[in-house]
Each structure stands twice: as structure tokens, then as C-alpha cells.
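A closer look at the structure
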Amino acid sequence: MTVIDTPVDRSIVHEVEQFIFNELLLLDEFKYHEWLDLFAEDGLFWLPANLDDYDPAKHTSIIYNDKAQLALRIKRLEMGRVVQEIRSRLAHQVSNLLILEDDGDEITVRVVLTVFEVQRLRKSMYPGHCIYKLRRTDDGLKIVLKKQCLIDNDTYYQHLAFMV
Amino acid sequence: MSISEPGLAVQARGPLPSDLVRPERIHRSIYLDEDLFKAEMEKIFYTTWIYVGHESEVAKPGDYKTAHIGLQPVILARHEDNEIYVMLNRCTHRGATVCQEATGNSSYFRCEYHGWMFKNDGQLVNPTFSERYEDTGFDKADYGLPRAPRVDSYRGMIFASLKPEGESLVDFLGNAAPFIDLAFDLAPEGTVSVNSGNHKYSYDGNWKFQSENGVDGYHPNFTHKAFFEATGIAAAMNIFGPKSEGRAGALGNGHGILDSRPMMREFGKLALMSPQGQRNVESLAERLGSKEKAEEVLLSGGTGGFNLLIYPNILMIGNQIRVVNPRKVLETDVDIYPYLLDGATDEQNEGRLRSHEEFYGAAGGGGPDDVEMFRRVFSGLNCEGFPGVDWLDLSRGFNRSVVEDGVEWGHVTDEVPQRGFYSKWLEDMEPAGSEGS
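The residue count restarts for each chain, going from 1 along the sequence in the order it is written. Lettering of chains starts at A and numbering of ligands starts at 1, both following the order in which they are written. Thresholds applied to this predicted model are a pLDDT of at least 70 for local features of residues and 80 or more for the giving and counting of side-chain atom pairs; totals over whole chains, interfaces and linings are not thresholded and use all residues. Each side-chain value is derived from all of the structure's non-hydrogen atoms; neither hydrogens nor water enter the calculation.

A look at the overall build of chain B
Counted only if it meets this: Only runs of H or I of at least four residues qualify as helices and only runs of E of at least two qualify as strands under DSSP, and these elements are numbered from the N terminus. The size measure is the radius of gyration over C-alpha atoms, and the globule rule it meets is 2.2 Å times the number of residues to the 0.38 power. Using a 1.4 Å probe on the protein chains alone, a residue whose accessible area is under 20% of its type maximum counts as buried, one over 50% counts as exposed, and one in between counts as partly exposed. For this analysis, residues touch if any pair of their heavy atoms sits within 4.5 Å. Working convention for charge: Lys and Arg count positive, Asp and Glu count negative, and His plus the chain ends are omitted. Charge positions are represented by NZ for Lys, CZ for Arg, CG for Asp and CD for Glu.
Counting its secondary structure elements, chain B contains 15 helices and 24 strands. Rg of the C-alpha trace for chain B: 23 Å, near the compact-globule value of 22 Å for 437 residues, within the 12% margin. Across its three principal axes, chain B shows a C-alpha extent of roughly 75 × 65 × 40 Å. Taking all 437 residues of chain B together, 54% fall into the buried category. Taking the intrachain contacts of chain B between residues at least 6 apart in sequence as the baseline, contacts between residues at least 24 apart amount to 62%. Looking at charge distribution, chain B has the averaged site of its 42 positive side-chain charges lying 1 Å from that of its 65 negative ones.

A closer look at the overall build of chain A
Quick note on the threshold: We get accessible surface area from the Shrake-Rupley algorithm with a probe of 1.4 Å; when it comes to residues, only the shown protein chains can shield them.
Broken down by element type, chain A carries 3 helices and 6 strands. Traced from its N-terminal end to its C-terminal end, chain A shows the element sequence α-α-β-β-α-β-β-β-β. Here chain A has a C-alpha radius of gyration of 16 Å; the compact-globule value for 164 residues is 15 Å, and the two agree. Taking the intrachain contacts of chain A between residues at least 6 apart in sequence as the baseline, contacts between residues at least 24 apart amount to 59%. Taken as a whole, chain A presents about 7,800 Å² of accessible surface, with 53% of it coming from carbon and sulfur. One way to put it: in chain A the 20 positive side-chain charges average out to a point 8 Å from where the 27 negative ones average out.

Digging into a nonpolar patch on the surface
As a reminder, the rule being used: Like charges are joined within 9 Å and nonpolar side chains (Val, Leu, Ile, Met, Phe, Trp, Tyr) within 5 Å, but only among residues with over 30% relative accessible area and no salt bridge; these make up the patches. By definition here, a salt bridge exists when the distance from a side-chain nitrogen of Lys or Arg to a carboxyl oxygen of Asp or Glu is within 4 Å.
A contiguous nonpolar surface patch, about 230 Å² in accessible area, is contributed by B:Tyr108, B:Met117 and B:Val125. Tracing the backbone through its elements, the reader meets B:Val125 in strand β10 (residues 124-126).

Examining the interface of chain A and chain B
One widely used convention gives an interface's size as the accessible area the parts lose upon coming together. Selection criterion: The term buried area denotes the loss of accessible surface (1.4 Å probe radius) that occurs when two parts are joined, taken as the sum for both partners. Polar contacts here mean pairs of N or O atoms no more than 3.5 Å apart (in protein, one a potential hydrogen donor and the other a potential acceptor; neighbouring residues in sequence count only if both atoms are side-chain atoms). Asp, Glu, Lys and Arg are counted as charged, while Ala, Val, Leu, Ile, Met, Phe, Trp, Tyr, Cys and Pro are counted as nonpolar; the rest, among them Gly, fall into the polar class.
In this complex, chain A contributes 31 residues to the contact, which on the side of chain B involves 41 residues. Interface area for chain A against chain B, summed over the two sides, is near 3,000 Å², with a carbon-plus-sulfur share of 50%. Per-residue buried area on chain A facing chain B is highest for A:Thr60, A:Val82 and A:Tyr156; these three make up 23% of the total on that side. The interface formed by chain A and chain B contains 4 salt bridges. Counting the contacts that link chain A with chain B gives 22 residue pairs in polar contact (both at pLDDT 80 or more). Of all the elements in the fold, those that place two or more residues in the side of chain A that touches chain B are β2 (61-66) and α3 (67-78) of chain A. Here the side of chain A that touches chain B is composed, by residue class, of 14 nonpolar, 9 polar and 8 charged.

Some remarks on the nonpolar core
Inclusion rule: By convention a nonpolar core is built from buried Ala, Val, Leu, Ile, Met, Phe, Trp, Tyr and Cys residues, the set being connected through side-chain atoms within 4.5 Å.
The biggest cluster of nonpolar side chains holds 100 residues, and the ones touching the most others in it are B:Met157, B:Leu308, B:Ile310 and B:Met316. Beyond its immediate stretch of four places on either side in the chain, B:Ile310 contacts B:Met157, B:Phe159, B:Phe172, B:Leu173, B:Ile180, B:His255 and B:Met316. Counting residues in hydrophobic clusters, the runner-up holds 49 residues, among them A:Leu27, A:Ile62, A:Val94 and A:Leu160.

Some points on the confidence of the model for chain B
All names here are of chain B. This is how it is decided: A residue's pLDDT is simply how confident the predictor is in it, with values from 0 to 100.
Confidence in the prediction for chain B averages 93 pLDDT; 96% of positions are at 70 or higher. Scored below 50 in pLDDT, residues 6-11 makes 7 contacts in the model with residues more than four places away or belonging to other chains. With pTM at 0.95, the complex prediction returns an ipTM value of 0.95.

So, the sheet that holds strand β1 (residues 21-22) of chain B
All names here are of chain B. Defined as follows: A strand pair is defined by DSSP finding two or more bridges across the two strands.
The strand order across the open sheet built from 3 strands is β1-β2-β22, with neighbouring strands paired in antiparallel fashion. What marks the edges here is a single partner per strand, and that holds for β1 and β22 (391-393). Pairing analysis gives 3 bridges linking strand β2 (residues 25-27) to β22, with the strands arranged antiparallel. Looking at the pairing, arginine 25 lines up with aspartate 393 of β22.

Regarding unusual backbone geometry
All names here are of chain B. Note the cis peptide between tyrosine 311 and proline 312, where omega equals 0°. Examined against the element boundaries, proline 312 turns out to sit in the loop between β17 (303-310) and β18 (314-318). A positive phi angle is found at arginine 155, which is not glycine, with a value near 50°. Summarising the element assignment, arginine 155 is placed in the loop between β11 (150-154) and β12 (157-161). For arginine 155, a relative accessible area of 28% corresponds to the partly exposed category. Residue asparagine 399 is not a glycine yet carries a positive backbone phi of 70°. Mapped onto the elements, asparagine 399 comes out in the loop between β22 and β23 (402-404).

Some thoughts on the environment of B:Ala344
Residues and elements named next belong to chain B. Here alanine 344 shows up in the loop between β21 (340-341) and α13 (346-359). Separated by 152 residues in sequence, alanine 344 and valine 192 have C-alpha atoms that sit 9.7 Å apart. Ignoring anything within four residues of it in the chain, the contact list for alanine 344 reads Pro188 and Asn349.

What to know about helix α1 (residues 10-28) of chain A
Residue and element names in this part refer to chain A. Selection criterion: In this analysis, the expected span of each helix is defined as 1.5 Å times one less than the number of residues it contains. What the arc covers is the set of directions going from the helix axis to the C-beta atoms.
Between its first and last C-alpha atoms α1 spans 27 Å; for 19 residues at 1.5 Å apiece the expected length is 27 Å, and the two agree. Those residues of α1 lying buried are Ile12, Val13, Val16, Phe19, Ile20, Glu23, Leu24, Leu26 and Leu27. The buried side chains of α1 occupy one side of the element, clustering within an arc of 165° when seen end-on. Capping the start of α1 is the job of one residue whose side-chain oxygen sits 2.9 Å from the backbone nitrogen of serine 11: aspartate 9.

Notes on the environment of B:Ser56
Residues and elements named next belong to chain B. By the element assignment, serine 56 lies in the loop between β3 (50-54) and β4 (63-69). A C-alpha to C-alpha distance of 20 Å links serine 56 and glycine 351, two positions 295 residues apart in sequence. For serine 56, the contacting residues outside a window of four places in its chain are Val192, Ser193, Val194 and Asn195. Among the polar contacts listed, one links the side chain of serine 56 to the side chain of histidine 54, at a separation of 2.7 Å.

Here we look at the packing of helix α10 (residues 261-273) of chain B against helix α11 (residues 275-288) of chain B
Residues and elements named next belong to chain B. Definition in use: Convention adopted: a line fitted to C-alpha atoms gives each axis, helices being fitted over their contacting stretch, and angles between N-to-C directions are expressed from 0 to 180 degrees. Angle categories are assigned with fixed cut-offs, so that under 35 degrees is roughly parallel, over 145 is roughly antiparallel, 65 to 115 is roughly perpendicular, and the rest are oblique.
The contact between α10 and α11 brings their axes to 4 Å, and the two run at 90°. As far as their axial angle goes, α11 and α10 are roughly perpendicular. Facing Ala271, Leu272 and Met273 of α10, the residues of α11 in contact are Pro275, Gly277, Gln278 and Val281. Of the residues belonging to the contact of α10 with α11, the class tally is 5 nonpolar, 2 polar and no charged.

Following this line, the structure appears as C-alpha cells:
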């Protein structure tokens, strides 16, 4: 991975930061439809399994969802399915923001992201890093790719049935 | 653990398996008793055929994979002679595991504790600093990694048995084997590849929760209601509904089946009538010998048309081979391996992975709901001292099943597979002629 070697405009960092803080706040507050609106029509949410990088056509993923599949996921969550009958409470904490690339149309960003989850009396945390590809549109930034690589993606989970 | 049913004076000697299994119910200590768990390891997992991996996972000489037979760590490795050896992952010197990775390629395994090196067929090369073993009676031939005495494979699925003698793998699989054929015959080349990663999840609870649940046709319309409704496949609810033509079967030897093919056939037939469907039938018929056989395979959609339980701990559901790993009496780890069809297009195989992920895995739309139910059963099993609460009921459709060609069939929602599972469990745990039988 290479980090952009020209100085990054503070205002871009600020814009990207605010966008991601807001995106994660929507998850913490279960505002899934507003969250989904942040995705571009061709947007993708990818939670790799076992490894951080591979060809998703050849290797399974924990989540590999386009926007339509994310909408289905949200529908299930809103139905209060068995595993989320008692809803998980979440806190997404983000830091170490690096702008990896900015070609004018799309900005690629890497952050360290930890999700804290509490369901009933069970407390869990899911640390890792996240790559965002964000597209500049007339409607503001849109997520083309959110790829969240959990450092425990090759371990046994109880479940990740909330919106990680 | 005490058994509170009057007339069962078993506290002094601990529960006997035959005290715990009735034709239509089981005692809760089957899930909770640590001594029984130890006995299960010995009498089931260290006796019968246990799936350890697939040939495609160790395709080339030097390839290896680590797995478990019950609690015992094992390595399966393909040697230069192209044989697959299954051996204990335990240094014969002081007991450390010699292989740490899940998969890899190496001709040797070296114990990092004192440097002992083993070939990938298990033979000890030489103990390190070997001169101090001279004149001690040490013979390196005695110090190879112990091998599973029996290893055999069926359609690429490798099974090992730690018991030197017993029925052959194909006899053990029995009526389950034709369903494995149906699953893998869907591949244009007739073989599958298990190299697409896996999903892992664990739960507090006994391993048998998951084995039973994989062929439980009574639960989907409740536990997985949200999945069916959100996805808009209301028809799926008919498959496991009261009027379903689907069947649940006990295949013998503890294997079980949920056969929803009767309900899929109508959809499937439409698909086969399309030009692409016809081409699929023709190309498959070439390999399988007849159009009827090809249609049967395509209509069952691999394991899309059925859920298969291979006793004691393997499930073949959808596009996956699932391995249930007992860790402790109330601790279970599960690995789900989606597999790809050899000779299918990249698009087809990618589609298989994506549809697999929709339901399965830690973030899948269905699997986690089962795990949540296991958690609730785990909690409820603590109840005791009230009439009946020591027993779990498996009486649905009891005495209403029919036997065809050695398979006992009931309605898809009947607990036929579970009763078949526990009848074999009892047979293994308390063989005829042993104490108490």
C-alpha cells in the first residue's frame, strides 16, 4: 500500500473525516436508510473472510453486498429477526485516517475502525481497518466501496448479525 | 447430573446412554454430561468414519491441511507417493503439535520444541543431536507420527477412522452416498473444489445441537421467518409448511435427510425447459449416461434440494460442506466450506458463493438465528426438578413414518432424522452386549 506523497489539502481531510464520522454515527443510531443513501448506486460493502484480500469471485466473504443486498439486510434487521430480537448496541470508533489516493473523481481512504458491540450482557469488540473509496458527486461524497478488514476475520464468531 | 425420573436409580453409577434415549425423546444430560462427552469422543469420534477434508484441499504432493478428529489434532498430507496420510499432529517426543498452519505445502513437519523433524508421511527423519540416543534402545522407526489406521475417500471427501477394523466407508455412508453423488454430479466435470475459504462460528452448547438442526424441517418457518419474508420468497415457507410434499428421512447409520425436492421440482422443470436448461441437460447427460439422470441432478440443484446430515458431524446444505467440531461438552466450533463446481463458469461459481453468503456465516441472513436458538436452548436446559423438564421431545410424526428401500420417511417437519440420529448414537455409545444393554 502506498500513501499519497503530495501534501493533502486539510479541507479534503476534514471533508472525508466528517463524512466517515457521520456514516458511522448513522450505524450507531440504527438509521439504516440514511446510511444506505450514502452509497453510490454501484456501491459495495465488503467484509472479507479469513484474509484481508483476495478475488471475491473465488473466495467466500462474510459480507459481499451490493446496494440491493444491503437493502435486504436492512429489511431483515428492521423485522427484528431472532438473533436481533434483542438489538445489539454499537459504537463505531475511527482513527488513523490516511488519504491513500485522490484522482479528483474518487478518494481512497484508510482508517482504523473498531466496532464495540453489547448484546444483553455480552460485550464484544471487532477491531480492524477499513478502506473507503469515495466518489465526488453533485450530491456530495458517495461510497463506491467500503471494505472492512477485521483482524479476527479468521476466528470463530458468535455472530455478526448487526450492521458491523 | 442427576436423573429425576422415578425408577432410574442411576446416580451412583452415572447415567447410562440407554437411560437417556427413548424412541421419541432424549434426556437433557445427553447435552450436558461431561462423562458422556468423553465417552462420545471414544465411542463415536475415535471409532467411526470422520470427515477430515477434501482431496482438492491437498491437491499437490506436499499439500497439507490440519483438522480435528474429535478433540485430537490431525494433519492430512499428500506425500510424494501421491498417497494422502492422516496422522496425529503431535510430536512423538514430548507431545507438542508439529504443524501450526490451517493449510500449506511442505515435505516435512518440524517440532519447534526440540527440533524433531518428520516427513509428511509421518516418519521421523532423525531425533536432533542423535548421538545421545545411541545405545539407549531408541529406534526411530517407533517414533513416527501415529497414522489413522483407515483412510478412505468418497467423491473426494476424505474420511479417517481411528479404529483399525470396521465397516468400509462406502458401507458406513450407505444411503447417504447417493445424495453426495447428486450434489457433486451437478459439477460439469463431476468434481468439486473446496478452496474458497470458510465461515467460522462458535456457540456455547453441545455439538449435537447443530447436527440435529441441519436436518430439522420444523424450525425454518419460525427461526428463519425474517429471512423468507424479507427476501420475498414466500414459496420457501411452503417447503417447510404443514402442507409441504417435502420429506424428512432417517437414512440409517445415523445419517439424515430433509428432502425438499418434491417442492422444487415444479420450479426446476420450468428452468430445464429453457434453451439453456436443455443445453445443461444434454451436456450433463453425456457424462452421466442418461437424460433422466441429468434431469434428476439438475432438478435437485446440487444440495439446493436437500439437507444431508452425515453422522455424526457433517452437514451438506446448499453449496457447502459444514463441519461441526466438538470442543467441550458445552462448546462447539463450526466451519462452513462453500465449494465450487469444477468446469462451471466463473459466473456460476461466483453466484454460488454469493447465494451461500446470503444465508450462512456469522453475518448471514439465516445461520445466526440458529445460533441464537442454540443459546436459548443452552439457557433453558438448566431447568430441572419439574415433571418432564429433564426430557426433550422428538415425537413429531412418531409411528407415522413409512419405510422405503431401508429409508424411514416422514413429513418434512417430522423429527425422523433426529430419532434416527439418536438411535445410532445409542448403538455406538452402548453396543449390544455391553453393560446395561
